[in-house]
Protein chains: 4
Amino acid sequence: MGEQGMDGRMGFVSDHMPILRTIARRFSEERPFAGLTIAVRIHVEPKTGVLIRALVGGGARVVAMGNKGTTDDLLVVYLRNLGIEVFGSRADDDMTIASNLRRLVAERPDLVLDNGAEMIELLVGDQQSPLGATEETTSGAITLRGSLRGRVPFPVLVINDSPLKAIVENKHGVGQSVVESIRSATNLLLHRRRMVVFGYGWCGRGIAQYGRAAGADVVVIEPDSIKALEAVIDGYAVSTMEEEASRGDLFVTATGHAHVISVDDMERMKVNAVLANAGHFDNEIDVVGLRKVAVPSDRGTDITRYQFASGGSIDVIAEGRMVNLAVTGSRGNSIEIMDLGFSLQALCLERLAIDPARCSVGDQPVPADIDDWVARAMVAELR
Amino acid sequence: MGEQGMDGRMGFVSDHMPILRTIARRFSEERPFAGLTIAVRIHVEPKTGVLIRALVGGGARVVAMGNKGTTDDLLVVYLRNLGIEVFGSRADDDMTIASNLRRLVAERPDLVLDNGAEMIELLVGDQQSPLGATEETTSGAITLRGSLRGRVPFPVLVINDSPLKAIVENKHGVGQSVVESIRSATNLLLHRRRMVVFGYGWCGRGIAQYGRAAGADVVVIEPDSIKALEAVIDGYAVSTMEEEASRGDLFVTATGHAHVISVDDMERMKVNAVLANAGHFDNEIDVVGLRKVAVPSDRGTDITRYQFASGGSIDVIAEGRMVNLAVTGSRGNSIEIMDLGFSLQALCLERLAIDPARCSVGDQPVPADIDDWVARAMVAELR
Amino acid sequence: MGEQGMDGRMGFVSDHMPILRTIARRFSEERPFAGLTIAVRIHVEPKTGVLIRALVGGGARVVAMGNKGTTDDLLVVYLRNLGIEVFGSRADDDMTIASNLRRLVAERPDLVLDNGAEMIELLVGDQQSPLGATEETTSGAITLRGSLRGRVPFPVLVINDSPLKAIVENKHGVGQSVVESIRSATNLLLHRRRMVVFGYGWCGRGIAQYGRAAGADVVVIEPDSIKALEAVIDGYAVSTMEEEASRGDLFVTATGHAHVISVDDMERMKVNAVLANAGHFDNEIDVVGLRKVAVPSDRGTDITRYQFASGGSIDVIAEGRMVNLAVTGSRGNSIEIMDLGFSLQALCLERLAIDPARCSVGDQPVPADIDDWVARAMVAELR
Amino acid sequence: MGEQGMDGRMGFVSDHMPILRTIARRFSEERPFAGLTIAVRIHVEPKTGVLIRALVGGGARVVAMGNKGTTDDLLVVYLRNLGIEVFGSRADDDMTIASNLRRLVAERPDLVLDNGAEMIELLVGDQQSPLGATEETTSGAITLRGSLRGRVPFPVLVINDSPLKAIVENKHGVGQSVVESIRSATNLLLHRRRMVVFGYGWCGRGIAQYGRAAGADVVVIEPDSIKALEAVIDGYAVSTMEEEASRGDLFVTATGHAHVISVDDMERMKVNAVLANAGHFDNEIDVVGLRKVAVPSDRGTDITRYQFASGGSIDVIAEGRMVNLAVTGSRGNSIEIMDLGFSLQALCLERLAIDPARCSVGDQPVPADIDDWVARAMVAELR
């Protein structure tokens, strides 16, 4: 796909991000970022391209870089042609990425859009104090509330804590794409399969709902009694790993905890049981432990068989990495879901630029009026 | 139905209240209420009969009375034969009920199970200080946090605030029975009818879900932007009264607020539009105002037609009273839902009897360990 | 309810029968039945009142009678006041009904609307040959194809064979009302209950669908392999009575065959298992056999407990009669469903009146153009 | 992926084709094809590899070739290593394919598995009369009933006419994969999108069901009044192209007819409307006509924008080819669905081999006992 192709792709994506487009139109009139430098660290793909264009249109000088292994090199060219400084390429190794991060910090940005709190850590270490930052992820929030607690002298608005994202992105976005990714990786029907879902948080609720809609017989494992009661009255079987290890056809983790499925559990599973992880980290299924006792072999793109000495064997999708991103051909969140997330980003950066006094120092949720505005805008689009 | 019939009905109900039966069995061994008098104010019907038997089996002397117009006189006889003092009958008027309430308070109860906080008000006025009380309803909780705020010298555990009740009773219990009651009162299909639901709290979520399952085209009206976003991503149309008044076929209120549907709204509705209220109070639809401008006539059991001078006319179910209770033949909450609610009641009364020090003075939620125990028990029954 | 009350009820019902109203309007202009006598045998309740008015408005002299035990006496008065001859009352015994049938036949009707083919049998015996007849039920159709085969010298259009009725009335009308009636009779939640449905014909498909929507864990028992495959790919468990007798919580028959649930099966059931029949005849559950080996007792309105000598016991709803009609408070099919059914009736009677040559002698389906017209009209109402 | 990789893929696929494996086991004992040559024309991918191995294990000499552009070259190597003669490669052009077809016919096969009736046409032209043939597709069946009518001197069992395939493959297999493919190609949410489905046959029913489960607001366009009534009572809006052209967000055709969406219709559509075809032929959307009046451009993989001179523009997925096959990354039917289809194939070929007298000459459906056996086997797997 050449440059014209990228125009087309950007056009399609932009056409389906009406909320961010509305914001971009206002930014281009009001120029809230005039004279400011924004350092952006984010997956560099068409949806983020639309965000970056909105910031630039609002007067910002943007310096940007991608995450490991996800940078769309054609988009880098496209953005550079628009005069945006973009560092890095898909092939970057850890050292190059670390060096690029330092280059971004060296720009002494006024505003920071961070993804994992690594830039914020560097800024704190460097005793810089920009107007403020936004943090996209939960893992970044954990760092902010952990090792960085009380040490960040500027406001950080944590996008992922917005209730909008829990409902729209986690329940419906993740729930639906996890089920679709499992179907895509395996080419199997889920009809009447015993699908064991670990965790009945927002993601688990979505996985259960879309799993049932795909025909599966869903079983939920959830230690919290109130959530377990919600699962059972929502119509799902509720059970324990003890009982399900030898009964389930498909196991999906969405708990945020490590080793939810242990090697012992896996050794008890039926031959041909399929395992997938929907959580952010790749340790919910103990694949590291599994590799010590079972022999892996290829069972098709994205599927690894693990053969136990005992004779049993199971199939793990994408080595236990987040299934809705890791499976070949997956494209991550839907365009409209990123329209919501990036609209929160754009408005939070604007707030930090023009009215930093309304924010306190340290990590904090998205301001309620911004949540409210974006929620109303999305309702108006979908209703 | 004679006395033997009541044995059969009580047996059927008791057989489907396994959690309360388990508690009753323990009560009969441990006798936590030995020597205590419990004043109980509650709908007197078979499900409450099972609760009262459990308290008596636990050693209590129980004095009980019913609510207006719902007392099952055959059950009164049945309970009296078991040696329980029950005041009142279905025919009681307001004065008799007030007098019965004073009789209960005059018993100087050690524990109180209240329903609307009226007994608690009398106890406070009378400067009695029992070991504690439970309050079943939200409206009682409002009194406790309003006119009684800071004035109650004993603990009051508010059953209705338990998250278990929100999920199980409000979403699924009320949601399902509201839809069934509307079907029963009208004998109409809901398929493809534009069903406008006011409020997307727990009740509204349930009404929308079961309305859609019954074939309706559900539209949600919800001023809170986050809840409105949840409604729209759950797949419902979200709209405004402005737009829907003249489009809806069926309107159902579940907001907890007065005059959600105004007389003006009703005058704009289509001929034959049907209205029902699922909220606790009968003022969500402004029936009082309606009567001033429209002529009522009978359109069948539970349905009143209101004819406007302008020529329009609408049909209101059960005069805007809570539809899942007021419609002829409705039986209120399912047996299992009361098993959950009354198990919370029984364990809260036990807590107040044997360990009042673990409770503080004034209104408070159900202790977390009791919520947890009952949730686990219900999961074990349903899973 | 007085006469004015009946006006209101008739008004409500008529307002929700738009297809039949459209037909009635045309009839009143075209008078297709001018000079003809129509003998009508049907449940006499408000919905049929609307049909009878349409026929009278079309010029017919109508003589009508009800079925056993279902006649609405207030409606009889109402219809007589309109000048329609109606025989019988709710209290009629079999002899009175037989005598009324003979009175109808003695009127030498030109057209006959029959319900069970009893009038047709009498007409054949009496060697009368009216212009034609319609037959509402499947059981009437069985007689027509059995003992009356080749003996009826006039056309009989069998309404129940219309594909419209299979889809609308059997799947959705019966399916939904069966589930609601079971809920109403028991006051139990169906959530997570193992609900065993016998038969995956149109009724069974509907019962399974609405049972699942009510939260049940639906299991289908179906001997036909193609239908069983449809059930399983529709997401239901498929099993055998052998396996399910001791596992099911609720059993619902919808097969059209006798003794689908035998006494042996019932003896193997769990204590408190609930049984209901949705089929036309009350012998799908072998209640006659059951009474020989188990002791009945009352467990509430519409529920009979049967206690086995072995200690087990089960609860049967409405003694195995058609649950969606027999349960107290049930009102039979929804108004819109009868709008469809009675529109077929009205147009078939018109066809027989004005164009009998387009029909052949003996039983036959509803003419395709009439099915088509009514289907389009209902789509236009619901779409 | 090397040879070992193909072992793994074939293993995964074979493990999820239990019905065909059961048949293969019996074939290897009974050797029904001993001494016979079977010519197989089919998509050459792992699922068909399992079928071919079963035939070879049953004693057949198999000569096979693929369809245009779908041959998996690694599988060709794999099969040749098993001693199977496979002609062709992914890169074959029409001439090579025609030549390969003639090579297969030149082998004078005893049995033929055809895909589009092209081999059967050649055999008839060549005056060969093998024991019999199976035909996989509807389009082949159309040829058999059209130009070949009365001219085929041997039995042809038409697999696609089996009711099993209508229910399992068309409704659930196609329905689900069409919705997933649209989601995959566009990366858009379907929630609250107006999704206009053309045709309410088995495929359309499935597309509507899975579209609604994916959150879409489904509208059905269906000229047949009975099917339209089924759609509306199933809960979908029913409308016309007239009304929907300017309202729909997404249009999906599944009718089997050409030009269901005309150029005129497309010119009236909203900007950014998305179009996809689920029917076998790529002419349900008139893309040929569209190209004459609108300018195409790339909008991302699998999406082409068409810009009208009038200013409007629409996005067509995969140029109107069958969306669940044509979208990048799609894998066609699920493994279990091909287990069903290929089990029918294997048993039909066996019937032709060992009991050809039970079949008549010319095209005919799958024998009822084979349908029954396979349906029971699949129910046993899924129940």
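Scroll up for the structure.
Here the structure is a predicted model, which is why all the values come from computation and not from measurement.

Draft legend 1. Representation of the overall build of chain A in the model. Of the regular secondary structure elements, chain A holds 16 helices and 15 strands. In terms of overall dimensions, chain A is globule-like: its C-alpha atoms have a radius of gyration of 22 Å, near the 21 Å expected for 383 residues. Considering only C-alpha atoms, chain A reaches an extent of 65 × 45 × 40 Å along its principal axes. The 383 residues of chain A split such that 60% are buried.

Draft legend 2. Representation of the interface of chain B and chain C within the structure. On the side of chain C, 36 residues touch chain B, which itself brings 36 residues to the contact. Counting residues per element, the ones that place at least two in the side of chain B that touches chain C are α1 (3-15), α8 (163-186), β12 (294-298), β13 (303-308) and α15 (335-354) of chain B. Among the elements that make up the side of chain B that touches chain C, the one with the highest residue count is α1 of chain B (six residues). Residue composition of the side of chain B that touches chain C, grouped by class: 10 nonpolar, 14 polar and 12 charged.

Draft legend 3. Summary view of helix α5 (residues 94-106) of chain A. All names here are of chain A. A rise of 1.5 Å per residue sets the reference length of α5, with its 13 residues, at 18 Å; its end C-alpha atoms lie 18 Å apart and thus fit the reference within 8%. Buried residues of α5: I97, L101, L104 and V105, and no others. For α5, the arc enclosing every buried residue in end-on projection is 100 degrees, short of the 170-degree limit, so these residues lie on one face. Every exposed residue of α5 that faces more than 90 degrees away from the buried side is listed here: M95 and R102. Just beyond α5, the residue with positive phi is R108, at close to 45 degrees.

Draft legend 4. Structural view of helix α6 (residues 118-125) of chain D. Residue and element names in this part refer to chain D. Among the residues making up α6, those that are buried are M119, I120, E121 and L123. As for α6, its buried residues are in contact with β1 (37-41), α5 (94-106), β4 (111-114), β5 (132-135) and β6 (155-158). Looking at the residues trailing α6, positive phi occurs at Q127, about 55 degrees.

Draft legend 5. Quick peek at the relation of the copies chain B and chain C. For the match of chain B to chain C, the screw axis carries a shift of 0.0 Å, the RMSD comes to 0.1 Å, and the turn is 180 degrees. On this basis, the relationship between the two copies can be described by a two-fold rotation axis. Considering only C-alpha atoms, the part of chain B nearest the rotation axis is A213 of chain B, at 3.0 Å. Looking at the interface residues of chain B, 100% of them are also at the interface in chain C, so both copies use one shared face.

Draft legend 6. Structural context of the sheet that holds strand β4 (residues 111-114) of chain B. Residue and element names in this part refer to chain B. Spatially, β3-β2-β1-β4-β5-β6-β15 is the arrangement adopted by the seven strands of the open sheet, whose pairing is parallel. Sheet topology places β3 (85-87) and β15 (362-365) at the edges, where each strand pairs with a single neighbour. Ignoring strand direction, the axes of neighbouring strands in this sheet form an average angle of 20 degrees. One ladder, built from four bridges, connects strand β6 (residues 155-158) with β15; its direction is parallel. Bridged to V158 within β15 is P365.

Draft legend 7. Broad picture of the pairing of strand β10 (residues 250-253) of chain D. All names here are of chain D. Burial along β10 is two-sided: the residues L250 and V252 and F251 and T253 are all buried. Strand direction decides the pairing type here: strand β7 (residues 194-198) and β10, joined by four bridges, are parallel. Bridge pairing in β10 places V197 opposite V252. When β10 meets strand β11 (residues 273-277), the two strands line up parallel, connected through four bridges. Bridge pairing links F251 to L275 in β11.

Draft legend 8. Examining the relation of the copies chain B and chain A more closely. The transformation that overlays chain B on chain A combines an axial shift of 0.0 Å with a rotation of 180 degrees, and the residual RMSD is 0.1 Å. Same-surface contact between copies: 100% of interface residues of chain B are shared with the interface of chain A.

Draft legend 9. A look at the environment of V271 of chain A. Residue and element names in this part refer to chain A. Its location among the elements puts V271 in the loop between α12 (263-267) and β11 (273-277). In this structure the C-alpha to C-alpha distance between V271 and D249, which are 22 residues apart in sequence, comes to 9.0 Å. The contact partners of V271, leaving out residues within four places of it in the chain, are G312 and S313.

Draft legend 10. Layout of the interface of chain B and chain A. Across the contact, 23 residues belong to chain B and 23 residues belong to chain A. Taken together, the residues of the side of chain B that touches chain A sort by class into 15 nonpolar, three polar and five charged.

Draft legend 11. Examining the environment of K171 of chain D more closely. Relative to the elements of secondary structure, K171 of chain D occurs in helix α8 (residues 163-186). Sequence separation between K171 of chain D and I337 of chain D is 166 residues, and the spatial gap between their C-alpha atoms is 11 Å.

Draft legend 12. Representation of the pairing of strand β13 (residues 303-308) of chain C. All names here are of chain C. Relative to β13, strand β12 (residues 294-298) is paired through five bridges, and the arrangement is antiparallel. Within β13, the position partnered with P296 by the bridge is Y306. Hairpin connection, β12 to β13: the antiparallel pair is bridged by four residues, and G300 has positive phi, about 120 degrees. Judged from the five bridges that link them, β13 and strand β14 (residues 313-317) form a sheet pairing that is antiparallel. Opposite T304, over in β14, you have V316 as the bridge partner. Between β13 and β14, which pair antiparallel one after the other, the connecting turn spans four residues, and G311 there sits at a positive phi close to 110 degrees.

Draft legend 13. Molecular detail of the packing of helix α15 (residues 335-354) of chain D against helix α16 (residues 368-382) of chain D. Residue and element names in this part refer to chain D. Across the interface, α15 lies against α16 with an axial gap of 10 Å and an inter-helix angle of 145 degrees. Handedness of the α15/α16 crossing: right-handed. Taken together, the residues of α16 that come into contact with α15 (itself represented by L340, S343, L344, L347, C348 and R351) are I370, W373, V374, A377 and M378.

The rules we used
- Residues numbered from 1 in each chain as written.
- Chains lettered and ligands numbered in written order.
- Predicted model: local features only at pLDDT ≥ 70, side-chain atom pairs only at ≥ 80, totals over all residues.
- Helix = DSSP H or I, 4+ residues; strand = E, 2+ residues; numbered from the N terminus.
- Rg over C-alpha atoms; globule rule 2.2 N^0.38 Å.
- Buried ≥ 20, exposed ≤ 12 C-beta atoms within 10 Å, placed from the backbone.
- Contact = placed C-beta atoms within 7 Å.
- Nonpolar A, V, L, I, M, F, W, Y, C, P; charged D, E, K, R; others polar.
- Expected span 1.5 Å × (residues − 1).
- Arc of directions from axis to C-beta.
- Least-squares fit on C-alpha atoms with pLDDT ≥ 70 in both.
- Pairing = 2+ DSSP bridges.
- Axes fitted to C-alpha atoms, helices over the stretch in contact; angles between N-to-C directions.
- Left-handed = near helix turned anticlockwise from the far one by under 90°.

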